[in-house]
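In case you want the letters, here they are:
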Amino acid sequence: MKDEQIVALFWEKDEAAIRNSDTKYGKSLHRISFNILANREDSEECVNDTYVKAWNAIPPERPLRLFAWLGRITRNLSLNRFYENHAKKRGGQALVLLSELSDCIPAGQTVEEEVEGKLLTEAIVRWLKGRSEEERALFLGRYWFGESLVSLAILAGTDPNRLAGRMFRLRQSLKDALEKEGITI
Amino acid sequence: MKRERKLLDAIADVPDEMIEETEKRLNQTYSAKSKKRLLWLLPAAACLLLSAGAILWFALSGTKLQKNPKETPRLQAAAPLMEVSMPETYAFDDSETRWKIREENPVEDSFTEGLLTFSYETASALLAEGEENVNYSPLSLYYALALAATGAEGETKEELLALLHVPDTDTLAAQCGNFFRLSYQDNEIGIRKIANSLWMDKDTAWKQDFIEGAAKNFYSSVFSVDLGSEEAAAAISAWISQQTNGSLAPALSSDEESVLRLINTVTFHDEWVDRFNKEKTKPDSFTLSDGSSVTCDFMNRTYDSHGFSRGDGYTRSSLSLKNNTMVFILPDEGVSPRSLVDTPEKMREAFEGGENYMGEVVWQVPKFDFVSSLDLKETLNNLGVSSAFGADADFSGITDDAAFLSGVTQGTHIAVNEDGVDASAFTMIDYTGAAMPEGRADMRLTRPFLYGIIGADSSLLFVGICENPTAN
């Protein structure tokens, strides 16, 4: 079913919207959540909550690209769940992602100069546009989808160890780009 | 961790296009157990011949389409009226340019949906009947009819626009232009090239606006020739041969009554992302629709974790090409491939519907190579385009002289075959799939099957039925 048809079902408050969303994107959403939480039960809850959020948000929203829209909700819910779990000392993969992202933090930040989230996103997007399609897929595969290095190594046609080095260089490159733009976090 | 968390949150809001681009690549990765390079070739070429004449014109009815002609006719003196600059080409890995072209050439969802609807409507009408191999390029026919529509008026225009599913010719021309630039590809890995040419009789008065629009939005080269001469027929044939890299060389004859020939070609070439191991290619039996069998070479591979779909009467799965996707639909035993496409709705269901699964998929794909020639006039008539073929046709946007379409013929050539490749290029990587396998599918294409090649924005470059892989 086309995205616009599913969105139309949401608008009509037809429960088939959720069924069709799940058929089309359920697997990918589950994967995003599981990548972050490493817990099947928690990730199932996050995906279900995603559909509830979508149900409440449409209308008035009318997302044009349904997968990215739903995926963003799943990702946020899963990260929130991760932060809660982390406070309770329960595990999850996101800790590794956060620790890796330390490499991207530009030097010299102060609280006063902290950049707005939106401007930070824009700077990241500018940097991403300067990367090759494969590099974008590797970076977003890791830090948007939370994919493992093993999975991404297949995408890049290399082995996980070599990929880890490549990912490190990518993070350094983002750090340099943010510093050049005078961005502090 | 506060700053890292802020960074992670900021990454969440990158543009949707980047998310979809990544998702697509990740899905391709999941469906591949191992990554290999430069392995298989899938060249195909299509050409469509469309003509308009002052009276009914049958010049193409005896057209013979030849593969790999021994002698390509030489292009006779025919200078284009207007030089056409083709869109810029870029290297396979130049994603920046690809990105830029996509941003600069927005294609509306309503256009791609209309193109897809047109594709299923025409393909269903063409594929539902017959007993032989058939290959059809919906995209090629769409462009030829779209170009004709931009020069049509009145009922002729309305009928064409209705079939093309666009509200007006301005939208049609602009969207065709954008889609052309988006789709155009000619690099070291793949070719996806639509080419158009208009051959006009030198004694007929043509409207400059149409010629300019054809050049701007359809990248159409316009030639003024003596269409009644053998030289013009040879020049057109040579042009087709050049555009399709020699895959097609129709033996055209001249026609003194003809005032316009509109030629459209789609040339396509791509490589498998994962090659089939040549050593595993083995002869096996292919059961034809009449129950008899032939022996042909089959390429073999098995994916431990690969996506597939099951619907009413079929199993569908696809193989990734570097720039496109080739989908195969295997009817269940006792089900004819024709019955899966006998209405546009059923055809769409076979290409897009069913329940999705992930699991072991055993592939056995016959090598095939054939040409197909389709006379499309009756099909178009049945789909509501009749005025364009009659004496009351209105092509006043092209010329004030009387002109109507006398015939629409499409010739295509498709080959799924292997290219000699150094086996040392193989790199094997063990796959650790996260998705739990849910089943198993046999894509053993040992009986007649459906296939399609999906190009830019899910457009159908080619669809076809392979009834007999050994038939040419």
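Note: the structure precedes this text.
Residues numbered from 1 in each chain as written. Chains lettered and ligands numbered in written order. Predicted model: local features only at pLDDT ≥ 70, side-chain atom pairs only at ≥ 80, totals over all residues. Heavy atoms only, no water.

Once that is clear, we can look at the overall build of chain B. Tallying secondary structure elements over chain B gives 11 helices and 17 strands in all. Of all 472 residues assigned to chain B, the portion counted as buried reaches 59%. Considering only intrachain contacts with a sequence separation of at least 6, the fraction spanning at least 24 residues in chain B is 81%. Here chain B has roughly 18500 Å² of accessible surface; of this, 46% comes from carbon and sulfur atoms. (Helix = DSSP H or I, 4+ residues; strand = E, 2+ residues; numbered from the N terminus. Buried < 20%, exposed > 50% of the residue type's maximum accessible area, 1.4 Å probe, protein only. Contact = heavy atoms within 4.5 Å. Areas by Shrake-Rupley, 256 points an atom, 1.4 Å probe, with all protein chains shown as cover.)

This brings us to the overall build of chain A. Within chain A one finds nine helices and zero strands. The secondary structure elements of chain A, listed N-terminal to C-terminal, are α-α-α-α-α-α-α-α-α. Here chain A holds 185 residues, and the buried ones make up 50% of them. Considering only contacts in chain A between residues 6 or more positions apart, those separated by 24 or more positions represent 67%. Accessible surface computed for chain A: about 8500 Å², of which carbon and sulfur atoms make up 50%.

Here the structure, examined in full by the defined rule, presents 21 aromatic pairs over all chains. Seen from their ring centres, A:Tyr25 and A:Phe67 are 5.4 Å apart, and the 45° between their planes marks the pair as tilted. On the criterion of sequence distance, the pair formed by A:Tyr25 in helix H2 (residues 16-37) and A:Phe67 in helix H4 (residues 66-87) is long-range, its members being 42 residues apart. For A:Phe67, a relative accessible area of 4% gives the class buried. In textbook terms, an aromatic cluster arises when at least three aromatic residues are bridged by ring pairs, as seen for B:Phe286, B:Phe328, B:Trp363, B:Phe368, B:Phe449 and B:Tyr451. It is A:Lys13 that lies over the ring of A:Trp55; its NZ or CZ is 4.7 Å from the centre. (Phe/Tyr/Trp six-rings, centres within 6.5 Å; stacked < 30°, edge-to-face > 60°. Lys NZ or Arg CZ within 6 Å of the ring centre and 35° of its normal.)

On to the interface of chain A and chain B. In this assembly, 55 residues from chain A lie in contact with 48 residues from chain B. Carbon and sulfur atoms make up 60% of the surface buried where chain A meets chain B, a total of about 5100 Å² over both sides. Ranking the residues of chain A by area buried against chain B places A:Arg65, A:Glu133 and A:Ile154 at the top, with a combined share of 14%. Along the contact surface separating chain A from chain B lie nine salt bridges. When the shortest N-O distance is used, the salt bridge between B:Arg25 and A:Glu134 registers 3.6 Å. For the interface between chain A and chain B, the tally reads 12 residue pairs in polar contact (both at pLDDT 80 or more). Elements with a contribution of two residues or more to the side of chain A that touches chain B: H2, H4, helix H5 (94-101), helix H6 (117-129), helix H7 (133-143) and helix H8 (149-156) of chain A. Residues of the side of chain A that touches chain B, tallied by class, amount to 27 nonpolar, 15 polar and 13 charged. (Buried area = accessible area lost by both parts, 1.4 Å probe. Salt bridge = Lys/Arg side-chain N within 4 Å of Asp/Glu carboxyl O. Polar contact = N/O pair within 3.5 Å; in protein donor to acceptor, adjacent residues only side chain to side chain. Nonpolar A, V, L, I, M, F, W, Y, C, P; charged D, E, K, R; others polar.)

Bringing helix H6 (residues 154-164) of chain B into the picture now. Among the residues making up H6(B), those that are buried are B:Thr156, B:Lys157, B:Glu159, B:Leu160, B:Leu161, B:Leu163 and B:Leu164. Positive backbone phi, approximately 60°, marks B:His165, located one or two places after H6(B).

We now examine the state of the cysteines. Residue and element names in this part refer to chain B. Evaluated as defined, the whole model comprises zero disulfides over all chains. Here Cys466 is not cross-linked by a disulfide; its sulfur's nearest cysteine counterpart is in Cys296, at 7.8 Å. The exposure class assigned to Cys466 is buried, which follows from its relative accessible area of 0%. (Disulfide = S-S within 2.5 Å.)

Right, let's get into the environment of A:Gly26. Residues and elements named next belong to chain A. Secondary-structure assignment places Gly26 in helix H2. A relative accessible area of 8% means that Gly26 is categorised as buried. For the pair formed by Gly26 and Asn48, sequence separation is 22 residues and the distance between their alpha carbons is 9.4 Å. Residues in contact with Gly26, not counting those within four places in the same chain, are Ser21 and Tyr51.

The next subject is the environment of B:Glu129. In this fold, B:Glu129 is placed in the loop between helix H4 (109-127) and strand S3 (134-136). Sequence separation between B:Glu129 and B:Val341 is 212 residues; the distance between their C-alpha atoms is 9.4 Å.

Axis angle and axis distance: for two packed helices, these are the angle between their axes and the distance between the axes, and together they describe the pair. Residue and element names in this part refer to chain A. Contact geometry for helix H1 (residues 3-11) and H2: axes closest at 8 Å, N-to-C directions at 150°. If you check the angle between H1 and H2, you find them roughly antiparallel. Once H1 is placed against H2, the crossing between them reads as left-handed. Residues Asp3, Ile6, Leu9 and Phe10 of H1 form the contact with H2, whose participating residues are Ala16, Ala17, Ile18, Asn20, Ser21, Lys24 and Tyr25. (Axes fitted to C-alpha atoms, helices over the stretch in contact; angles between N-to-C directions. Parallel < 35°, antiparallel > 145°, perpendicular 65-115°, else oblique. Left-handed = near helix turned anticlockwise from the far one by under 90°.)

Residue and element names in this part refer to chain A. Along the chain, the position of Met167 falls in helix H9 (residues 160-180). Residues Met167 and Leu149 lie 18 residues apart in sequence; the distance between their C-alpha atoms is 9.1 Å. Setting aside residues no more than four positions away along its own chain, Met167 makes contact with Leu138, Phe139, Arg142, Tyr143 and Leu149.

Attention now moves to the pairing of strand S10 (residues 314-320) of chain B. All names here are of chain B. Here S10 lies mainly inside the structure; five of its seven residues are buried. Relative to strand S11 (residues 325-331), S10 is paired through seven bridges, and the arrangement is antiparallel. Along S11, the bridge assignment pairs Arg316 with Ile329. (Pairing = 2+ DSSP bridges.)

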